[in-house]
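# Descriptive analysis of the structure
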Amino acid sequence: MSNSVPAALTRLIGQHPAALRSVRWTGSGAVGRHPEDKEHLEIETKQGLVALIDHRDGSAYSRPPVPPDAAGERQARDLTEQLPVAFDQRPVIEAIKGDGNSAWRFELSTGSCFVFEFPAAKVTQR
């Protein structure tokens, strides 16, 4: 990962976060066939934009994944309650920065931020 922010993330700037989830697909062909098959952090905005960040390398893309096969099942773990800073006082995402080669930092209009660390797959508020 470079510190330059991919377009899939920059489009979130100026948006209100609505949900944060850890998402992955299960099923017979779910792992390793496509980038969408890997586990990822999903950020959804109130305006309906979605960005996905790969848990292993921090790469980002903007289209929600489709099941890798007909038997695939989407598993999502809601992270919203773990990060109240991302939702208290209706913040707007003001900036996104690469934090070294192992994290994305989301700075909010309230002066707070949350950080997604990979490959640790850890999201923390600061």
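Residues numbered from 1 in each chain as written. Predicted model: local features only at pLDDT ≥ 70, side-chain atom pairs only at ≥ 80, totals over all residues. Heavy atoms only, no water.

### Some words on the environment of Asp 88
Positionally, Asp 88 belongs in the loop between β5 (73-78) and β6 (93-98). Take Asp 88: its relative accessible area is 46%, and that puts it in the partly exposed class. Taking C-alpha positions, Asp 88 is 8.6 Å from Thr 110, a pair spaced 22 residues apart along the chain. (Helix = DSSP H or I, 4+ residues; strand = E, 2+ residues; numbered from the N terminus. Buried < 20%, exposed > 50% of the residue type's maximum accessible area, 1.4 Å probe, protein only.)

### A look at the sheet that holds strand β2 (residues 40-45)
The strand order β4-β3-β2-β1-β5 describes an open sheet built from five strands, whose pairing is antiparallel. A single partner strand is all that each edge strand has here, and the edge strands are β4 (60-61) and β5. (Pairing = 2+ DSSP bridges.)

### A closer look at the packing of aromatic side chains
By the definition in use, this model includes two aromatic pairs. Judged by centre distance (4.7 Å) and plane angle (10°), the rings of Phe 106 and Phe 114 are stacked. Given a relative accessible area of 0%, Phe 106 falls into the buried group. Relative accessible area serves as the criterion here: at 0%, Phe 114 is assigned to the buried category. (Phe/Tyr/Trp six-rings, centres within 6.5 Å; stacked < 30°, edge-to-face > 60°.)

### Examining the sheet that holds β6
Each strand in a sheet pairs with another by means of backbone hydrogen bonds, the pair being arranged parallel or else antiparallel. Strands sit in the order β6-β7-β8-β9 across an open sheet of four strands; the sheet is antiparallel. Two strands lie at the open edges of the sheet, namely β6 and β9 (122-125), each paired on one side alone. Taking the axes of each pair of neighbouring strands and ignoring which way they run, one obtains an average angle of 15° across the sheet. Bridge count between strand β7 (residues 103-108) and strand β8 (residues 113-117): five bridges; the pairing is antiparallel. What sits directly across from Arg 105, in β8, is Val 115. (Axes fitted to C-alpha atoms, helices over the stretch in contact; angles between N-to-C directions.)

### Focus on the nonpolar core
Counting 22 residues, the largest nonpolar core has Leu 9, Leu 12, Leu 20, Ile 53, Phe 106 and Phe 114 as its most contacted members. Elements with a minimum of two residues in this core: α1 (7-10), β2, β3 (50-54), β6, β7 and β8. With three residues, the top contributor of residues to this core is β7. Those residues within four positions of Phe 106 in sequence are excluded, and the remaining contacts are Leu 9, Leu 12, Ile 43, Ile 53, Ile 93, Ala 95, Ile 96, Ser 112, Cys 113 and Phe 114. (Core = buried A, V, L, I, M, F, W, Y, C linked by side-chain atoms within 4.5 Å. Contact = heavy atoms within 4.5 Å.)

### Some details on the pairing of β3
With five of five residues buried, β3 lies mostly within the body of the structure. The two faces of β3 match: Val 50, Leu 52 and Asp 54 on one face and Ala 51 and Ile 53 on the other face are all buried. Bridging between β2 and β3 involves five bridges; their strand directions are antiparallel. Opposite Glu 44, over in β3, you have Val 50 as the bridge partner. Counting the residues in the hairpin turn of β2 and β3 gives four residues, including Gly 48, whose phi is positive at 95°. Relative to β4, β3 runs antiparallel, the two being bridged by two bridges. Across the sheet, the residue bridging to Ile 53 is Ala 60, located in β4.

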